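Listed here are the chains, written in short residue letters.
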Amino acid sequence: MRRARDLEALNPDLNAEVMTQVDQIVDHHLGKPGSLIPVLEACQTLTGYLPAELLDYISDRLGVPGSTVYGVVTFYSFFSMVPKGRHTIKVCMGTACYVRGIGEVINRLKSELSLKLGGTTADRRFSLEAVRCLGACGLAPVVVVDHDTHGGVMPDRIADILNRYQ
């Protein structure tokens, strides 16, 4: 069984302070049926993602096979094994947004942030995701940052929008 204090050497995101909180989360749920998903949710909220080293640790602590933990994390789309940014940018790829120029908006975002769709900036400030539809076709092209909807977005407005999110 891996010890919490050994994980920081494998992954700097899993420092002593974080692992103390992980242990508190696991201790709170230990022995309760159906505790895996609540533990994973709380740990992801704490760390921002679920690195493989943390999955192994949770598996050991809960006494659940690693394959089960991995299976749950990869099955549910709300879990992530890669770091996410503090702010999530979702760009609509629906027909209305596409016709009204979301492609150029995406190109500007990729250029401004130096990343690809599905990526996260090196400073973990932003993650960029493409979604099929945001349900705001009348505002096309649409970009959502966290819970803020930005409609009628043109490439030259991207820098102003991004500067609102530190």
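Residues numbered from 1 in each chain as written. Predicted model: local features only at pLDDT ≥ 70, side-chain atom pairs only at ≥ 80, totals over all residues. Heavy atoms only, no water.

Considering helix 7 (residues 102–113)
Thought 1: Compared with the 16 Å implied by 1.5 Å per residue over 12 residues, the 16 Å span of helix 7 between its first and last C-alpha is a close match.
Thought 2: Taken together, the buried positions of helix 7 are occupied by I102, V105, I106, L109 and L113. Projected down its long axis, helix 7 carries its buried residues within an arc of 100°, all on one side. Structural note: helix 7 exposes E104 and S111 on the side pointing more than 90 degrees away from its buried face.
Thought 3: Contacts made by the buried residues of helix 7 are with strand 1 (87–92), helix 6 (95–99), strand 2 (126–131), strand 3 (143–145) and helix 8 (158–162).
Thought 4: Following helix 7 by one or two positions, S114 has its phi on the positive side, about 55°. (Helix = DSSP H or I, 4+ residues; strand = E, 2+ residues; numbered from the N terminus. Expected span 1.5 Å × (residues − 1). Buried < 20%, exposed > 50% of the residue type's maximum accessible area, 1.4 Å probe, protein only. Arc of directions from axis to C-beta. Contact = heavy atoms within 4.5 Å.)

Some words on the packing of helix 3 (residues 36–47) against helix 4 (residues 52–62)
Thought 1: In contact at an axis separation of 12 Å, helix 3 and helix 4 are set at 145° when each is read in the N-to-C sense. Regarding helix 3 and helix 4, the two cross each other, and that crossing is right-handed. Contacts between helix 3 and helix 4 involve L36, V39, L40, C43 and T47 from the former and L54, L55, I58 and L62 from the latter.
Thought 2: In terms of residue class, the contact of helix 3 with helix 4 is built from eight nonpolar, one polar and no charged. (Axes fitted to C-alpha atoms, helices over the stretch in contact; angles between N-to-C directions. Left-handed = near helix turned anticlockwise from the far one by under 90°. Nonpolar A, V, L, I, M, F, W, Y, C, P; charged D, E, K, R; others polar.)

Notes on the pattern of salt bridges
Thought 1: A complete count under the given rule lists four salt bridges for this structure.
Thought 2: D27 is the salt-bridge partner of R61, the closest N and O atoms lying 2.4 Å from each other. You can see R61 sitting in helix 4 and its partner D27 sitting in helix 2 (residues 16–29), a full 34 residues away along the chain.
Thought 3: Taking relative accessible area as the criterion, D27 reaches 45% and is therefore assigned partly exposed.
Thought 4: With its nearest N and O atoms 3.7 Å apart, the salt bridge here joins E129 to K84. Residue E129 is found in strand 2, and its partner K84 is found in the loop between helix 5 (66–75) and strand 1; the two are separated by 45 residues along the sequence.
Thought 5: By relative accessible area, which is 31% here, K84 ends up partly exposed.
Thought 6: The structure contains a network of salt bridges with shared partners spanning D23, D27 and R61. (Salt bridge = Lys/Arg side-chain N within 4 Å of Asp/Glu carboxyl O.)

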